[in-house]
Structure formats: structure tokens, C-alpha cells
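Residue strings, one per chain:
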Amino acid sequence: MSAVRLHFVDIDGEVVAALRAAFRDHPEVTCGDGDILAAAHDTLVSPANSYGFMDGGIDAVYARFFGPGLQRAVQEAINRRPEGHLPVGASLAVRTGHARIPFLIVAPTMHTPEPVPAEHCYRALRAVLRLAAADAEIGRDVFCPGLATGVGCVAPGQAAERLARAYVDWKAALALTGAVR
């Protein structure tokens, strides 16, 4: 298991304030205000939808930045799954072809673009952390926007609370297996 450094970056000041409050007891997790694509290196998180359509929210920003090949790579990876979709609570990683941000972890917060329950934030981040911890190359520095706070319509405080709970539960699970670093 690799050591994962988690960084939240969002352009919404209310989301960032909620994340800072929720993670105040976890100084190893950074929460910053700004352009996630300017800050990120190593790995970026896509809150996505279960089919890999990247035409809305932060995913549309990612698709413009990385180019059309990113959505194609995401959808091909999803289509290789036996279910033909990537459910909330699962994740996968694709290569971006970008030197500074070579990996994208796709962790859906929604089946299709729609408002979602706050619990989807928890399930998506747990999926991100499990995948990142399992692969040292992918999981060094993971940059994540506020999950489900845009298209998903989850209130910033509710999202941040679920994200912090996911982080705490993930660390506790690692401690039980003796994998905490």
C-alpha cells in the first residue's frame, strides 16, 4: 500500500471553507482555493458519471484541458467492465498523456448527470483512496475537487462532512490491516 497525499482544490470558496472545517483535524490533507488544473500534479480526480461522459461540470474543464482523447480513454476503460458502466463506489484510473498530471482517477458521484444524495461523496472518495493506496505510482499526490457540489447539487457542508468521514474510515481500515504509513 502506498502513502497517499490528498489535496482538495476548488474554485468555490464555500466548498473550500467547508472542506477546511471538515478536515481541520487532518493537517496532512490540504484544502486550497483555485484552479485545480494549475495546482495538480501526479493524479487528478474526476467525479464523473457512470458512463464517462465528460461534457459537464469539472469534467468538461478536464476534457478541454487534456483533449478529446481523455473522454475516449475513460469510456473505453468503462466499457471493458462487465457491467458496461462504472457504479458509484467504484473507480478506475486512466493515463492522460500529460507529463505533469499523468493519471486521472474516475470515481462517479452519479449514474447520469443529476442531483445526488450526499452519501455519494463518501462512496466516491473511498473508491479514490482505495485505488490510490493500491498503486504507488497513481497514489502519490491526489488532487480532488469538491465532489458532487456542482452538478450533483450536494451542499458544501454536507459534501465536506461525508468526504472527511470517508477519509477517516479509510485510514481506520488501513490501520486495521497494518498498512498505514
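One can find the structure itself at the top, above this paragraph.
Just so you know, these numbers come straight off a predicted model, no measurement behind them.

Caption draft 1: Just the overall build of the protein chain, in detail. When helices and strands are counted, the protein chain shows six helices and six strands. For the protein chain, the N- to C-terminal ordering of α and β elements is β-α-β-α-β-α-α-β-β-α-β-α. Computed over C-alpha atoms, the radius of gyration of the protein chain comes to 15 Å, within 12% of the 16 Å expected from 2.2 N^0.38 for 181 residues, which places it in the range of a compact globule. With respect to the three principal axes, the spread of C-alpha positions in the protein chain is 40 × 35 × 30 Å. Counting the 181 residues in the protein chain, one finds 52% classified as buried. Long-range pairs, those at least 24 residues apart, make up 68% of the contacts in the protein chain between residues at least 6 apart in sequence. For the protein chain, the accessible surface area stands at approximately 8000 Å², while carbon and sulfur atoms represent 55% of it. Each charge sign in the protein chain was given a centre, from 17 positive and 19 negative side chains, and these centres are 5 Å apart.

Caption draft 2: The environment of Val 106, seen in detail. Within the secondary structure layout, Val 106 lies in strand S5 (residues 103–106). Its relative accessible area of 1% is what places Val 106 among the buried residues. For the pair Val 106 and Ser 46, spaced 60 residues apart in sequence, the C-alpha to C-alpha distance is 4.8 Å. Residues within four places of Val 106 in sequence aside, it is in contact with Ser 46, Ala 48, Val 74, Leu 86, Ala 90, Ser 91 and Leu 92.

Caption draft 3: Representation of the side chain of Ser 91 in the model. Tracing the backbone through its elements, the reader meets Ser 91 in the loop between helix H4 (68–79) and strand S4 (92–95). Those residues in contact with Ser 91, other than ones at most four positions away along the chain, are Leu 86, Ile 105, Val 106, Ala 107, Ala 127, Val 128 and Leu 131.

Caption draft 4: Region of the structure containing the environment of Val 74. One can find Val 74 in helix H4. Among all residues touching Val 74, those that are not within four sequence positions of it are Gly 52, Met 54, Val 94, Leu 104 and Val 106.

Caption draft 5: Spotlight on the pairing of strand S1 (residues 5–10). When you tally the buried positions in S1, you get five out of six residues, the bulk of the element. Bridge count between S1 and strand S6 (residues 141–144): four bridges; the pairing is parallel. The partner of His 7 across the bridge, within S6, is Phe 143. As paired strands, S1 and strand S2 (residues 30–33) are joined by four bridges and run parallel to one another. The residue of S2 that forms the bridge with Asp 10 is Asp 33.

Caption draft 6: View of the packing of aromatic side chains. One pass over the full model with this rule turns up four aromatic pairs. Judged by centre distance (5.1 Å) and plane angle (45°), the rings of Phe 8 and Phe 23 are tilted. In this pair, Phe 8 is assigned in strand S1 and Phe 23 in the loop between helix H1 (13–22) and S2, connecting sequence segments 15 residues apart. A relative accessible area of 1% means that Phe 8 is categorised as buried. Taken together, a centroid distance of 5.8 Å and an interplanar angle of 65° make the contact between Phe 23 and Tyr 167 edge-to-face. Taken as a pair, Phe 23 in the loop between H1 and S2 and Tyr 167 in helix H6 (residues 156–177) lie far apart in primary sequence, 144 residues in all. Each member of the pair, Phe 23 as well as Tyr 167, carries the same accessibility label: buried. Grouped by ring-pair contacts, the aromatic residues Phe 8, Phe 23, Tyr 167 and Trp 170 constitute a single cluster.

Definitions and limits used
Residue indices follow the written sequence of each chain, beginning from 1 at its first position. Restriction of local features to residues with pLDDT of at least 70 applies here, the model being predicted, together with a cutoff of 80 or more for giving and counting side-chain atom pairs; totals for whole chains, interfaces and linings are based on all residues. The side-chain numbers reported here are obtained from all heavy atoms of the structure, hydrogens and water having been left aside. Secondary structure follows DSSP: runs of H or I at least 4 residues long count as helices, runs of E at least 2 residues long count as strands, and numbering of each begins at the N terminus. Throughout, the radius of gyration refers to the C-alpha atoms, and the reference size of a globule is 2.2 Å times the residue count to the power 0.38. Between buried and exposed lies partly exposed: a residue is buried under 20% and exposed over 50% of the maximum accessible area for its type, with that area taken using a 1.4 Å probe on protein chains only. Contacts are residue-level and defined by heavy atoms, with any inter-residue pair within 4.5 Å sufficient. Note on areas: Shrake-Rupley, 1.4 Å probe, and residue coverage restricted to the protein chains presented here. Counting rule for charge: Lys and Arg are taken as positive, Asp and Glu as negative, and neither His nor the chain ends is counted. Positions of charges follow a simple convention, taking NZ of Lys, CZ of Arg, CG of Asp or CD of Glu. Being paired, for any two strands, means DSSP has found at least two bridges between them. What counts as a ring pair is set by centres within 6.5 Å for rings of Phe, Tyr and Trp (its six-membered ring), and what kind of pair is set by the plane angle: stacked under 30 degrees, edge-to-face over 60, tilted for all other angles.

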